[in-house]
Amino acid sequence: MNTRDPHVLALPPRTQLYIDGFWCSGERGDRLSVVNPSTEETIADVQAGSAADVDCAVQAATRAFEGWRHTSGAERAAYLRAIARGVQARRDHLAALQSLNNGKPLAEAQVDIADVAATFEYYAGLAEQLDDTGEVEVALPSADHRAVIRREPAGVVALIVPWNFPMVTTAWKLAPALAAGCTVVLKPSEVTPLPELELTAIVAESGLPRGVLNVVTGTGAEVGSALAEHPRVAKVSFTGSTAVGKQVMKTAADSVKGVSLELGGKSSIVVFADADLDLAVDLVTGGGFFNAGQMCSATSRVLVERPIAKALTERLAERVTRIVVGDPFAPDVQMGPLTNRAQHERVRRFIERGKADGARLVASGDVPEGPGYFVGPTVFADTPITSALWQEEIFGPVLCVRGFDTEEEAIDMANDTDYGLVGSIVTGDAKRGKRVADRLAAGVVWINAPQLIFPQTSWGGFKQSSVGRELGPFGLAAFQEIKQVLTTISRA
Ligand code: NAD
């Protein structure tokens, strides 16, 4: 492994499947290379699971379900809290693995780890509450009958996650699934399995009963589609691209499985002329360049009220020249590489298409010489609305600025997309902030705020960005079935 970080060097990475409480090889023994995006070197080979491995994992989860679903909420909470403590205890190692495999700067990786621990803690609290609220009596217009509504675990669930926030997208699914009493088969992204497998080890050390969590690494085409197809999987919770999400939904339809989908986005940050310009520059750069712009919630459309459009664009250009891009372990680095070769090529193609479409390149940051999937932070102005740069999810550090004259025009431009994940508003007028938030077709709106996401709230979007919601009580409900039990009192 080629890294200077002592936490990574201390331990070899986990590379096996985790099925029925054991680390094991896949039935074929095929392997997938895992690459460090800063150096383009192979850092590990993990098991490439198959449909047969998926079947083994689903059978283990099915056997474990009866026992796990009958544990109390308090018992499940104790496991979730042990996982949160395990994550905290190994935070340096997890953060280093995250930076090594995903390429994000260490400081950003540490934010991820804190989020993972907080998510397990939060759902531990909800699991405990289930002991009181899991069964609720309903008032009936009949004295002869008693009805209760019960919340029961959905069953064996498949969790399929992407590579941009490894462990975080997993925690947002795994913590509520376990809290609800479901058993799980997790498929990490083939691009970033190393931090996910280390998180799996922490879950295993919590003493979770055998078969409650199973992890099958491998490709989407083989492991992912086998999970979406499997008749004993009750529900698929998927985070990834809209194209693959549609495929998962179609496959799941054959066995009428429930699906929760967290998909792509094409979101806007709307900056009004009364905004604090320093705050606006901070929020625009955060929304565009955090995680090298590889965020479903990236606000890659920057809508600026015309009187301040020139000033804001100049300030952004100046900020871009100061963003240090490079080795995620270097303390001064603010932006790492893109996470994989395919994404690197895709983002560079977007930049070339933008130029060809007549968008004006305002700024493009420096990148280190040599290997690594680096793309400098890039700002375009006057991007034609018909350009792919304006229309499609870029998933890289590229911002497109356009001016607007009226509030109405800004809202129309922000909503003019098939997606509807998030929106940001920067304004000195609180009433306007509320008014515009009300009109944005988005599942999350931040007003004068960075992209903070608390586990207590909600996550997901309108239109083609999502089906269902994660986080908060909604995240738990996604893994529950509702059952009513009606009894005739006189005969019971
Ligand atoms: P992707 O859709 O290529 O892959 C996501 C996961 O699905 C991976 O584990 C992959 O192996 C698996 N997969 C691929 N083909 C499959 C198939 N046919 N059946 C089942 N599973 C399959 O996405 P990605 O490139 O890993 O991630 C980037 C995308 O994820 C972006 O579009 C981004 O917007 C989205 N994303 C959304 C959210 C959100 O909360 N809305 C969060 C993070 C990322």
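Residues numbered from 1 in each chain as written. Predicted model: local features only at pLDDT ≥ 70, side-chain atom pairs only at ≥ 80, totals over all residues. Heavy atoms only, no water.

- The name given to the protein chain in an unreviewed UniProt entry is Aldehyde dehydrogenase family protein, with the source organism recorded as Trinickia dinghuensis.
- Annotation of the protein chain in UniProt includes, under Pathway (unreviewed entry), the sentence "Amine and polyamine biosynthesis; betaine biosynthesis via choline pathway; betaine from betaine aldehyde: step 1/1."
- Per UniProt, the protein chain carries the Sequence similarities (unreviewed entry) text "Belongs to the aldehyde dehydrogenase family." (UniProt positions renumbered as here; feature names shortened; annotations may be inferred.)

Some details on the pairing of strand β3 (residues 31-36)
Part 1 of the reasoning: Going residue by residue along β3, you find L32, V34 and N36 tucked away on one face and R31, S33 and V35 left uncovered on the opposite face.
Part 2 of the reasoning: In this structure, β3 lies alongside strand β4 (residues 41-47), joined through six bridges in antiparallel fashion. Bridge assignment links R31 to a residue of β4, and that residue is Q47.
Part 3 of the reasoning: Following β3, the chain reverses through four residues before pairing antiparallel with β4; E40 in that reversal takes a positive phi of roughly 65°. (Buried < 20%, exposed > 50% of the residue type's maximum accessible area, 1.4 Å probe, protein only. Helix = DSSP H or I, 4+ residues; strand = E, 2+ residues; numbered from the N terminus. Pairing = 2+ DSSP bridges.)

Overview of the side chain of D112
Part 1 of the reasoning: By the secondary structure assignment, D112 is in helix α5 (residues 106-133).
Part 2 of the reasoning: Overall, the relative accessible area of 4% leaves D112 in the buried class.
Part 3 of the reasoning: Not counting residues up to four positions away in its chain, the partners in contact with D112 are Q98, K104, F165 and V168. (Contact = heavy atoms within 4.5 Å.)

Overview of the sheet that holds strand β6 (residues 145-153)
Part 1 of the reasoning: Pairing is antiparallel across the open sheet formed by three strands, whose spatial order is β5-β6-β20. Pairing within the sheet leaves two strands with one partner each, and these edge strands are β5 (135-138) and β20 (480-488). Ignoring strand direction, the axes of neighbouring strands in this sheet form an average angle of 25°.
Part 2 of the reasoning: Where β5 lies against β6, four bridges are found, and the strand directions are antiparallel. In the strand pairing of β6, V136 is matched with I149. (Axes fitted to C-alpha atoms, helices over the stretch in contact; angles between N-to-C directions.)

Observations regarding unusual backbone geometry
Part 1 of the reasoning: Phi is positive for M167, which is not a glycine, with a value near 75°.
Part 2 of the reasoning: The backbone of N291 sits at a positive phi, close to 55°, despite the residue not being glycine.
Part 3 of the reasoning: Locating N291 in the fold gives a position in the loop between α10 (277-289) and β13 (301-305).
Part 4 of the reasoning: N291 sits in the buried class, given a relative accessible area of 2%.

Some points on the pattern of salt bridges
Part 1 of the reasoning: Inspection of every chain in the model, using the stated rule, returns 31 salt bridges.
Part 2 of the reasoning: Put simply, E198 and R14 hold a salt bridge, and the shortest N to O gap is 3.5 Å. Taken together, the residues E198 in helix α7 (residues 193-205) and R14 in the loop between α1 (6-9) and β1 (17-19) connect sequence positions 184 residues apart.
Part 3 of the reasoning: Residue classification places E198 among the buried positions, given a relative accessible area of 2%.
Part 4 of the reasoning: Between K310 and E314 there is a salt bridge, with its nearest N and O atoms 3.1 Å apart. Pair noted here: K310 and E314 are both in helix α11 (residues 306-322), with a separation of four residues, about one helical turn.
Part 5 of the reasoning: The partly exposed category is assigned to E314, whose relative accessible area is 47%.
Part 6 of the reasoning: Residues joined by salt bridges that share partners form a network here, namely E66, R69, E135, R150, E152 and K483. (Salt bridge = Lys/Arg side-chain N within 4 Å of Asp/Glu carboxyl O.)

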